[in-house]
Amino acid sequence: MKANGKRILHLRINGSSYETAAEPQALLLDVLREDLGLFGTKRGCDMGTCGCCNVLVDGQARMSCLLLAHDMTGKEIQTIEGLVDADDPRGLHPLQRAWAEHGGSQCGFCTPGFVLTAKALLDEEPDPSEERIREALSGNVCRCTGYKKIVEAVQSAAAELRKPQKEGLPA
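Since this is a predicted model, take the numbers as computed values, not measurements. (Residues numbered from 1 in each chain as written. Predicted model: local features only at pLDDT ≥ 70, side-chain atom pairs only at ≥ 80, totals over all residues. Heavy atoms only, no water.)

**Q** What should I look at first to understand the nonpolar core in this one?
**A** What tends to happen in soluble globular proteins is that the nonpolar side chains get buried as a cluster. Residues Leu95, Trp99, Phe114, Leu137 and Val154 are the most contacted members of the largest nonpolar core, which totals 25 residues. Looking at this core, the elements that each hand over two or more residues are α2 (94–102), α3 (111–124) and α5 (148–166). At seven residues, the largest contribution of residues to this core is made by α3. Valine 154 has contacts with Leu95, Trp99, Ala118, Leu122, Ile133 and Leu137, leaving out every residue within four places of it along the chain. Counting 16 residues, the second-largest nonpolar core is a separate cluster that includes Leu9, Leu36, Leu38 and Val55. (Core = buried A, V, L, I, M, F, W, Y, C linked by side-chain atoms within 4.5 Å. Buried < 20%, exposed > 50% of the residue type's maximum accessible area, 1.4 Å probe, protein only. Helix = DSSP H or I, 4+ residues; strand = E, 2+ residues; numbered from the N terminus. Contact = heavy atoms within 4.5 Å.)

Shown next, in the form of structure tokens:
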């Protein structure tokens, strides 16, 4: 169905269903921020080179500035707003806690993209080497840091996420 040249769009984001009207060429980044008010996804370069706009699409880190929103129908999208831990009193995921504890962000602008990229890595590879972490994060750019604290945060979160499995508890 069309409304003023726009088409109705059905998206699944952070476990919830959304319906909005968007132009056929609308980028996922714009729909998230402008139509749905999910401002955690940042606009950086608009060219797919900085990773600030990364979200998870079916568990894979993807640059939302390069994705057409209408192509996302039927896919599960996760933004930084959906990254929560029900067991933490503040709702912080181990990656978010590790970022804070290790000083992984300075200005914080790039942090959502880094954290979601790291989540995709740790979901696929629970015990990555430092080299593998650096490789996975290579598509994300931070203008404020030398990446050492970011890598340390990912290593710390990986260790924390592995703890329940080591103790024989359900993850």
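Alright, that's what it looks like, and here's the rest.
**Q** Could you clarify how one ought to interpret the packing of aromatic side chains in this entry?
**A** A ring pair, where both rings are aromatic, is described by two values, the distance of the centres and the angle of the planes. In this structure the tally under the stated criterion is two aromatic pairs. Relative to phenylalanine 114, the ring of tryptophan 99 has its centre 6.5 Å away and its plane inclined at 45 degrees; by these criteria the two rings are tilted. With a gap of 15 residues between them, tryptophan 99 in helix α2 and phenylalanine 114 in helix α3 connect regions that are remote in the sequence. When sorted by exposure, tryptophan 99 lands in the same class as phenylalanine 114, which is buried. Linked through ring pairs, Trp99, Phe114 and Tyr147 together constitute an aromatic cluster. (Phe/Tyr/Trp six-rings, centres within 6.5 Å; stacked < 30°, edge-to-face > 60°.)

**Q** When you look at α3 in this model, what are you seeing that I'm missing?
**A** What sets the pattern is the α-helix's 3.6 residues per turn: residues three or four places apart point alike. Taking 1.5 Å per residue, 14 residues should reach 20 Å; α3 reaches 20 Å between its end C-alpha atoms and fits that length. Most of α3 is tucked away: 12 of the 14 residues are buried. For α3, the complete set of buried residues consists of Thr111, Pro112, Gly113, Phe114, Val115, Leu116, Thr117, Ala118, Lys119, Ala120, Leu121 and Leu122. (Expected span 1.5 Å × (residues − 1).)

**Q** What is the right way to read the pattern of salt bridges from this model?
**A** A side chain of one charge can pair with a side chain of the opposite charge when the charged atoms of the two come close. In the structure shown here, the tally under the stated rule is 14 salt bridges. Glutamate 76 is paired through a salt bridge with arginine 12; the nearest N and O atoms lie 3.4 Å apart. Of the two residues, glutamate 76 sits in strand β6 (residues 76–78) while arginine 12 sits in strand β2 (residues 6–13), which places them 64 residues apart along the sequence. Residue arginine 12 is classed as partly exposed on the basis of its relative accessible area, which comes to 34%. A salt bridge links glutamate 130 to arginine 134; the nearest nitrogen and oxygen atoms lie 3.1 Å apart. Here the residue glutamate 130 and the residue arginine 134 both occupy positions in helix α4 (residues 130–136), the gap between them amounting to four residues, near one helical turn. According to the relative accessible area criterion, arginine 134 is partly exposed, its value standing at 36%. Taken together, the shared-partner salt bridges in this structure form one network comprising Asp85, Asp88, Arg90, Arg97 and Glu160. (Salt bridge = Lys/Arg side-chain N within 4 Å of Asp/Glu carboxyl O.)

**Q** Is there a simple way to explain the packing of α2 against α3 in this structure?
**A** When two helices pack together, their arrangement is captured by the angle between the axes and the distance separating the axes. Their axes nearest at 10 Å, the elements α2 and α3 cross at an angle of 125 degrees. By the angle class used here, α2 and α3 are oblique. In the packing of α2 onto α3, the handedness of the crossing is right-handed. Taken together, the residues of α3 that come into contact with α2 (itself represented by Leu95, Gln96 and Trp99) are Thr111, Phe114, Val115, Ala118, Lys119 and Leu122. Taken together, the residues of the contact of α2 with α3 sort by class into six nonpolar, two polar and one charged. (Axes fitted to C-alpha atoms, helices over the stretch in contact; angles between N-to-C directions. Parallel < 35°, antiparallel > 145°, perpendicular 65-115°, else oblique. Left-handed = near helix turned anticlockwise from the far one by under 90°. Nonpolar A, V, L, I, M, F, W, Y, C, P; charged D, E, K, R; others polar.)

**Q** Looking at this model, I keep getting lost on the side chain of asparagine 140. Mind explaining?
**A** Its place among the elements puts asparagine 140 in the loop between α4 and α5. Residue asparagine 140 is classed as buried on the basis of its relative accessible area of 4%. At 3.3 Å, the side chain of asparagine 140 and the backbone oxygen of glycine 51 are in polar contact. Among the polar contacts listed, one links the side chain of asparagine 140 to the side chain of threonine 117, at a separation of 3.3 Å. Setting aside residues up to four positions removed in sequence, asparagine 140 forms contacts with Cys50, Gly51, Asn54, Gly113, Phe114, Thr117 and Tyr147. (Polar contact = N/O pair within 3.5 Å; in protein donor to acceptor, adjacent residues only side chain to side chain.)

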